Amino acid sequence: MKEGLILKKLMNKLLPRNINNNYTGYKFAKYFFYALTALTLWRSQHHLFAADGGAQSIATIPLDTFTKAGAATVIGIFSLWGLSQLIIGILYLITSLRYRSMIPLMYLLMFVEYLVRATYIPAFKPITTVGTAPGAVGNIPLIVLSLIMLIFSLLTPKVKN
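Per chain, the residues get numbers from 1 upward, laid out in the order the sequence is written. Where local features are concerned, this predicted model is filtered to residues with pLDDT of at least 70; where side-chain atom pairs are given and counted, the filter is 80 or more; whole-chain, interface and lining totals use all residues. Values shown for side chains rest on all heavy atoms present in the structure; no hydrogens or waters enter the calculation.

**With respect to the packing of aromatic side chains**
So, point 1. Pairing of aromatic rings covers Phe, Tyr and Trp, the last through its six-membered ring, and needs centres within 6.5 Å; plane angles under 30 degrees mean stacked, over 60 mean edge-to-face, and all others mean tilted. The full count for this structure, using the stated rule, is 8 aromatic pairs.
So, point 2. With centroids separated by 5.6 Å and ring planes inclined at 85°, the aromatic side chains of phenylalanine 78 and tryptophan 81 adopt a geometry described as edge-to-face. Of this pair, phenylalanine 78 and tryptophan 81 both sit in helix H3 (residues 68–97), 3 residues apart, which is roughly one turn of the helix.
So, point 3. Classification of phenylalanine 78 as buried rests on a relative accessible area of 9%. By definition, any uninterrupted DSSP run of H or I lasting at least four residues is a helix, any uninterrupted run of E lasting at least two residues is a strand, and each is numbered from the N terminus. Exposure is judged per residue with a 1.4 Å probe applied to protein chains only, and the accessible area is read against the type maximum: over 50% gives exposed, under 20% gives buried, and values in between give partly exposed.

**Describing a nonpolar patch on the surface**
So, point 1. The patches described consist of residues with a relative accessible area above 30% and no salt bridge, like charges being joined within 9 Å and nonpolar side chains (Val, Leu, Ile, Met, Phe, Trp, Tyr) within 5 Å. For every accessible area listed, the method is Shrake-Rupley and the probe measures 1.4 Å; residues are considered covered only by the protein chains on display. Any Lys or Arg side-chain nitrogen located within 4 Å of an Asp or Glu carboxyl oxygen qualifies as a salt bridge. Together, Ile19, Leu80, Leu83, Ile87, Ile90, Leu91, Ile94 and Tyr99 make up an exposed nonpolar region whose accessible area comes to about 700 Å².
So, point 2. Summarising the element assignment, leucine 91 is placed in helix H3.
So, point 3. Relative accessible area serves as the criterion here: at 46%, leucine 91 is assigned to the partly exposed category.

**Regarding the environment of methionine 149**
So, point 1. Within the secondary structure, methionine 149 sits in helix H6 (residues 134–154).
So, point 2. The class for methionine 149 is buried, based on a relative accessible area of 9%.
So, point 3. Residues methionine 149 and tyrosine 34 lie 115 residues apart in sequence; the distance between their C-alpha atoms is 12 Å.
So, point 4. It only takes one pair of heavy atoms within 4.5 Å for two residues to be counted as in contact. Ignoring anything within four residues of it in the chain, the contact list for methionine 149 reads Phe28, Ala29, Phe32 and Tyr107.

**Re the side chain of serine 101**
So, point 1. With respect to the element layout, serine 101 can be found in the loop between H3 and helix H4 (103–118).
So, point 2. For serine 101, a relative accessible area of 9% gives the class buried.
So, point 3. With residues up to four places along the chain from it excluded, the contact list for serine 101 reads Lys13, Pro16, Asn18, Ile19, Asn20 and Asn22.

Here it is, written out as structure tokens:
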């Protein structure tokens, strides 16, 4: 019976009935979310505005070995990815400024995104690179950190913070 009540409380925090600016988790999880929001917004601009969309300059995809059309397609896809990152970043920003009760749900979505990036994509849709992209290095720590922060955003500190 007690486990059911705890699960219900956690689900209500993950999917609140009323979305508001009332965050009840640990403060450090909130501040870490702010940092990840800034990182997401910063990353998006490079994929949107860099001439190569970051495909070769960051991800080390050898665009110079592709046909002109092939390189343009990869750059276009990276630009679309930048747009997706911008939209996610704006949602994180809105959550940070106005709807902090949604921080746990945003951490869950972040966890799923980085988990798929680090596991499914390399296993089933590998991308040939000539080096190691920063994103590939950062995916595993971000999986772990987003899961830890999800847990701390769901828990209520014993002492008001």
